[in-house]
Amino acid sequence: MVRKRRFSAVEARDEVIQAGLEILREQGLEPGLSRVTLNDSIAAAGVPRPSAYRVFTGPDLAPQDEFRAALLVSLVERFGATAQRSVGVVVGEGKAVLEMDDPVEAASVLREIVRVASLAEEEEMRTALGAGFSTSLIATAMDAEPDPATVEAFKTVFDSITDRYANAYGDVLKLFGLRAQPQTSLKQIAALIVQAADVTLLHNFGPFASRKMRPTGPGGEMQEWSTLGIVIEGYILTLLEPDPNVAFSADLRTLVS
Amino acid sequence: MAKKRRFSAAEARAEVIKAGMKLVAEVGTEPGLARVRLNDAIARSGVPRPSAYRVFTNSERLPQSEFRAALLVALVREQAPISDGSQVFDAASRVLANNKDLLDSGSPTDLAWLLREFIRVIGLIKSNELRTFESAIYSMSLRSLAMDPYPDPDLVHLFDSLIRRITSDFAAVYDPVVKQFGLRPRAGTSVEEFAELTVQASGMAILQKFPSFAEPVLRPTGRDGELLEWDALAVTVHGLVLSMLEPDPESDVRVDLASGVPSAAPVSPSQLGD
């Protein structure tokens with residue numbers, strides 16, 4: 001007789017969610033999260049049913065809903081981790097600018113950072129999970145009576161993603177002597193970027209090339225840009241300003257004229 | 001006994017889809033197609049259930065999915081005369097007419113202000129327009145394409161031509177405006193590409209239904225620096241104008257795009273007064 005493996009509550013939860021993600025990957029995202037059932041995931045995970053149900057029984061939600069909310073959060077957390085990694089690269093590159101004091105050069109370095117980071121970001125978001133996240137979001141937004149549990153899950157996850165982005169951007173912008181304009185906030189800018197990332201990602205399925213060429217190289221040579229990068233550059237030009245409390249700021253105007 | 005009408009496979013398909021479209025028209029597209037069920041459409045169409053199921057059975061998909069894909073194709077085809085940009089064009093003409101003095105003044109900073117205000121107003125109008133039936137269908141098709149591992153070739157084709165058409169319609173609307181403000185696309189890009197990005201950004205209007213995103217951005221862009229409401233689409237388009245367009249040296253019109261971008265040494269209003 002095969003001895004059954006025992007699972008702690010945390011293990012059981014992780015295993016079932018892992019199985020759910022696996023199912024999602026296998027069957028594609030067309031049916032959305034709604035066709036990833038708790039039962040299938042439990043069966044695939046090999047976790048005994050009673051333990052699994054105990055783990056996904058919350059005070060408010062049925063196990064199936066609790067499971068989907070957890071699956072969604074897990075999807076989005078991966079997405080958030082990607083975002084944080086890309087921004088980490090940005091900060092690393094940005095440190096070089098600390099050494100210089102030429103506002104014009106600083107602006108062009110900032111632009112190059114946006115270009116490189118958003119190419120990396122877009123590449124990672126192209127994965128099925130990134131697309132799944134975006135499509136779930138849009139599906140939720142379009143629903144007249146969205147499932148409150150899903151909306152709540154999105155809200156939590158979005159707050160955490162935009163916070164992470166906002167903190168990371170804040171660090172980058174400090175390097176360049178920039179800040180959000182007084183009536184807006186980094187968090188609001190981060191939320192715009194997350195939205196733009198979602199819609200541009202979806203359009204990768206349309207007829208147009210997702211990469212554009214722009215003459216932004218050091219000698220005006222053509223460089224590859226993601227549409228997301230172009231949009232982010234636009235936000236920098238419209239929603240930021242030089243921080244008057246610091247001695248040195250990148251000269252944003254040079255990017256326009 | 002009433003004689004039952006007989007349906008060919010093509011007729012059965014057409015009738016069920018027609019019934020499905022009526023259901024969509026009744027319930028609206030907001031709930032998504034997921035709530036339009038094959039069974040309801042069959043019942044409505046009067047096609048015998050076995051014939052209807054045969055028509056929507058294929059090797060790759062469940063009848064329900066096959067039906068929804070076919071319904072989506074039919075909806076996109078039906079709605080093909082989606083926004084051609086004329087509403088936006090009318091609104092654009094109004095904003096320009098109301099500010100004719102600024103347009104004629106020739107002052108590069110006044111023109112830059114007018115352009116910015118123009119984008120803000122159009123963005124608000126466009127965002128409202130985008131919360132319509134047509135755009136819901138548009139985004140549903142997009143979503144269906146993105147999520148479907150075996151997208152329906154008809155749908156892919158229809159969607160591609162639809163989005164190409166919307167983009168070229170928009171480019172046609174933007175082209176004279178870009179010229180009117182003495183602008184041109186920067187090297188390597190085109191008005192078509194600019195239009196394409198604004199079409200993509202339009203998707204943001206749909207996301208505004210999501211409470212976390214609904215907050216408008218306040219920007220000090222009034223004539224005297226007062227705070228005005230910008231929606232996500234308009235901010236994005238303003239950014240695209242700054243990053244994708246530039247003053248055309250061949251044009252008689254001079255617009256100072258950079259005047260809207262905060263500079264390192266902000267000039268205080270009192271200094272401006274002299």
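Residues numbered from 1 in each chain as written. Chains lettered and ligands numbered in written order. Predicted model: local features only at pLDDT ≥ 70, side-chain atom pairs only at ≥ 80, totals over all residues. Heavy atoms only, no water.

### A few points about the overall build of chain B
What counts, and what does not: A run of H or I in DSSP becomes a helix once it reaches four residues, and a run of E becomes a strand once it reaches two; helices and strands are each numbered from the N terminus. Any residue under 20% of the maximum accessible area for its type is buried, any over 50% is exposed, and the rest in between are partly exposed; the area is computed with a 1.4 Å probe on protein chains only. The criterion used for residue contact is that any of the two residues' heavy atoms lie within 4.5 Å.
Across its full length, chain B carries 12 helices and four strands. Here chain B holds 274 residues, and 53% of them are scored as buried. Relative to all contacts within chain B whose residues are 6 or more apart in sequence, the contacts with residues 24 or more apart total 71%.

### Structural notes on the nonpolar core
Across soluble globular proteins, you tend to see nonpolar side chains buried next to one another. Stated precisely, the cut-off is as follows: Side-chain atoms within 4.5 Å are what join buried Ala, Val, Leu, Ile, Met, Phe, Trp, Tyr and Cys residues into a set we call a nonpolar core.
Counting 89 residues, the largest nonpolar core has Phe176 and Tyr235 of chain A together with Phe181 of chain B as its most contacted members. In contact with Phe181 of chain B, not counting residues within four places along its chain, are Leu96, Leu103, Leu111, Leu114, Leu115, Val253 and Val255 of chain B. By size, the runner-up hydrophobic cluster in this structure holds 21 residues, among which are Met21, Val24, Val36 and Ala74 of chain B.

### Overview of the environment of Phe194 of chain B
All names here are of chain B. Examined against the element boundaries, Phe194 turns out to sit in helix 10 (residues 191-207). For the pair Phe194 and Leu38, spaced 156 residues apart in the sequence, the C-alpha separation amounts to 41 Å. Once you skip the residues sitting within four places of it in the chain, Phe194 turns out to touch Tyr174, Val237, Leu240, Val241 and Met244.

### Concerning the side chain of Ser249 of chain A
Residue and element names in this part refer to chain A. Put simply, the rule reads: Identification of polar contacts relies on pairs of N or O atoms within 3.5 Å, with a donor-acceptor requirement for protein atoms, meaning one able to donate a hydrogen and the other able to accept it, and with residues adjacent in sequence counted only if both atoms are side-chain atoms.
Considering the arrangement of structural elements, one finds Ser249 in the segment after strand 4 (240-242). Within the structure, the side chain of Ser249 is placed 2.8 Å from the backbone oxygen of Gly177, a separation counted as a polar contact. For Ser249, the contacting residues outside a window of four places in its chain are Pro103, Phe176, Gly177, Pro242 and Asp243.

### Details of helix 1 (residues 9-27) of chain B
We count it as follows: To estimate the expected span of a helix, count its residues, drop one, and scale the result by 1.5 Å.
Taking 1.5 Å of rise per residue, the 19 residues of helix 1 of chain B would be expected to cover 27 Å, and the 27 Å separating its terminal C-alpha atoms lies within 8% of that figure. Buried residues of helix 1 of chain B: Ala12, Glu15, Val16, Ile17, Ala19, Gly20, Met21, Leu23 and Val24 of chain B, and no others.

### Focus on the packing of helix 7 (residues 108-129) of chain B against helix 11 (residues 232-244) of chain B
For any two helices packed against each other, one specifies the crossing angle of their axes together with the interaxial distance. Residues and elements named next belong to chain B. Inclusion rule: Axes, fitted as lines to C-alpha atoms, cover a helix only where it is in contact. Angles between the N-to-C directions of the axes lie from 0 to 180 degrees. In this scheme, roughly parallel covers angles under 35 degrees and roughly antiparallel covers those over 145, while 65 to 115 is roughly perpendicular and the rest are oblique. Crossings are sorted by hand: turned counterclockwise from the far helix by less than a right angle, the near helix makes the crossing left-handed, and turned clockwise it makes it right-handed. Each residue is assigned to one of three groups, with Ala, Val, Leu, Ile, Met, Phe, Trp, Tyr, Cys and Pro labelled nonpolar, Asp, Glu, Lys and Arg labelled charged, and all others, Gly among them, labelled polar.
At their nearest, the axes of helix 7 and helix 11 sit 8 Å apart, and the two run at 140 degrees to each other. Regarding the angle of helix 7 to helix 11, the classification is oblique. Judged by the sense of rotation from one axis to the other, the crossing of helix 7 with helix 11 is right-handed. The segment helix 7 lies against helix 11, with Leu115, Arg116, Ile119, Arg120, Gly123, Lys126 and Ser127 engaging Leu233, Ala234, Val237, His238 and Val241. In the contact of helix 7 with helix 11, the residues fall into six nonpolar, three polar and three charged.

### Quick look at helix 9 (residues 153-180) of chain B
Residue and element names in this part refer to chain B. In plain terms, the rule: Bending is quantified residue by residue as the angle between axes fitted to the seven-residue window ending at that residue and the seven-residue window starting at it.
Compared with the 40 Å implied by 1.5 Å per residue over 28 residues, the 41 Å span of helix 9 between its first and last C-alpha is a close match. Of all the bends in helix 9, the greatest, near 25 degrees, is centred on Tyr174, and the proline Pro176 appears no more than four residues after it. A positive phi of about 70 degrees marks Gly182, the residue just after helix 9.

### What to know about the confidence of the model for chain B
All names here are of chain B. This is how the line gets drawn: Residue-level confidence of the predictor, termed pLDDT, takes values from 0 up to 100.
Summing up the model confidence of chain B, the mean pLDDT is 79 and the portion of residues at 70 or higher is 75%. Across residues 266-274, where pLDDT falls below 50, the model places one contact with residues more than four positions away in sequence or in other chains. For this predicted complex, the interface score ipTM comes out at 0.74, alongside a pTM of 0.75.

### Remarks on the packing of aromatic side chains
Condition: Any two rings among Phe, Tyr and Trp, with Trp reduced to its six-membered ring, count as a pair given centres within 6.5 Å; such a pair is stacked if its planes are under 30 degrees apart, edge-to-face if over 60, and tilted if neither. Whether a charge sits over a ring comes down to the Lys NZ or Arg CZ being within 6 Å of the ring centre and within 35 degrees of the ring normal.
This structure, assessed with the given rule, holds six aromatic pairs over all chains. Between the aromatic rings of Phe56 of chain A and Phe67 of chain A, the centroid separation amounts to 5.5 Å while the plane-to-plane angle is 85 degrees, which identifies the pairing as edge-to-face. With a gap of 11 residues between them, Phe56 of chain A in the loop between helix 3 (49-55) and helix 4 (63-94) and Phe67 of chain A in helix 4 connect regions that are remote in the sequence. Ring centres of Phe56 of chain B and Phe67 of chain B lie 5.6 Å apart, and the angle between their planes is 85 degrees; this geometry places the pair in the edge-to-face category. Here the residue Phe56 of chain B occupies a position in the loop between helix 3 (49-55) and helix 4 (63-78), and Phe67 of chain B occupies one in helix 4, the gap between them amounting to 11 residues. Neither residue differs from the other here; Phe56 of chain B and Phe67 of chain B are each classed as buried. Positioned above the aromatic ring of Trp230 of chain B is the side chain of Arg219 of chain B, whose terminal nitrogen or guanidinium carbon lies 4.3 Å from the ring centre.

### A few points about the side chain of Thr227 of chain A
Following the sequence through the fold, Thr227 of chain A ends up in helix 9 (residues 227-239). What makes Thr227 of chain A buried here is its relative accessible area of 0%. For Thr227 of chain A, the contacting residues outside a window of four places in its chain are Glu122, Thr200, Ser210 and Lys212 of chain A together with Leu197 and Gln200 of chain B.

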